[in-house]
Each structure stands twice: as C-alpha cells, then as structure tokens.
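# Summary of the model geometry
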Amino acid sequence: MNLIELNAIKGHLAQQLADLDGIKANCRSCSRYDGKCNQYQAEPPQDWLQGSVDCEHWNWDQLPF
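Report follows, based on the coordinates. Just so we're clear, the structure is a prediction, and the values are computed from it rather than from any experiment.

Secondary structure assignment for the protein chain yields 2 helices and 0 strands. Computed over C-alpha atoms, the radius of gyration of the protein chain comes to 17 Å, more than 25% over the 11 Å expected from 2.2 N^0.38 for 65 residues, which places it beyond the range of a compact globule. Taking the principal axes of its C-alpha atoms as reference, the protein chain extends roughly 55 × 20 × 20 Å. Going through the 65 residues of the protein chain one by one, you find that 14% of them count as buried.

With that settled, the discussion passes to the environment of proline 45. Within the element layout of this structure, proline 45 appears in the loop between α1 (3–21) and α2 (46–50). For the pair proline 45 and glycine 11, spaced 34 residues apart in sequence, the C-alpha to C-alpha distance is 38 Å.

As a further point, take the side chain of serine 29. Among the structural elements, serine 29 can be located in the loop between α1 and α2. A distance of 3.3 Å separates the side chain of serine 29 from the side chain of tryptophan 58, its partner in a polar contact.

Right, let's talk about unusual backbone geometry for a bit. With a phi close to 55°, glutamine 41 is a non-glycine residue in the positive phi region. With respect to the secondary-structure elements, glutamine 41 resides in the loop between α1 and α2.

Relative to the helices and strands, aspartate 21 is located in helix α1. Remark: the alpha-carbon pair of aspartate 21 and aspartate 34, spanning 13 residues in sequence, is separated by 23 Å.

Glancing now at the side chain of asparagine 26. Among the structural elements, asparagine 26 can be located in the loop between α1 and α2. Polar contacts involving the side chain of asparagine 26 include one to the main-chain amide nitrogen of arginine 28, which spans 3.1 Å. Beyond its immediate chain neighbours, meaning those up to four positions away, asparagine 26 contacts Trp48, Leu49, Gln50, Gly51, Val53 and Trp58.

About the cut-offs
- Every chain is numbered independently, its residues counted from 1 as its sequence is written.
- Residue-level local features of this predicted model are given only where pLDDT is at least 70; pairs of side-chain atoms are given and counted only at 80 or more, and the full residue set underlies all totals for whole chains, interfaces and linings.
- Excluding hydrogens and water, the side-chain figures rest on all heavy atoms present in the structure.
- Working definition: helices are DSSP H or I runs of at least four residues, strands are E runs of at least two. Numbering for both runs from the N terminus.
- Throughout, radius of gyration means the C-alpha value; the globule benchmark is 2.2 Å times the number of residues raised to the power 0.38.
- Exposure classes here rest on a 1.4 Å probe applied to the protein chains alone. A residue is buried below 20% of its type maximum, exposed above 50%, and partly exposed in between.
- Polar contacts, as counted here, are pairs of nitrogen or oxygen atoms within 3.5 Å of one another; within protein the pair requires one atom able to donate a hydrogen and one able to accept it, and residues that are adjacent in sequence qualify only if both atoms are side-chain atoms.
- Any two residues whose heavy atoms approach within 4.5 Å are treated as being in contact.

Geometric descriptors of this kind do not, in isolation, establish any biological role.
Dropping the structure here:
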C-alpha cells in the first residue's frame, strides 16, 4: 500500500464513520416502529422516541429514507 492508497482508505473510513454517527438510535429510526413498537405492541416512552435508546431489539433497515 502506498501513501495515496492509505489516504484514500482513511478518507473512505472517515466518511463511513460520519454516516454511522448520524444514525439516531431511537424508536423512530427502528424498523420495528410504525407508530407503536411492534416488538412490545405498545407505545414507547417519549424519551425513547426522541433520545437514544438502550433497547436490545432496536433494528435499523439501512435505508436513508
């Protein structure tokens, strides 16, 4: 690997990390949420809808829209 390749890889990885950091891990970004939690069949608490969650069932579908 030469310096040009190394810098290209670093730039690519930095962009991927920035994209991942932009994912908000809350109920609204979870693929199991569609107005209510399909995992628990209930409305999640407000702080889980807006803040970050610590839910073992959180799943992201990797679609940006």
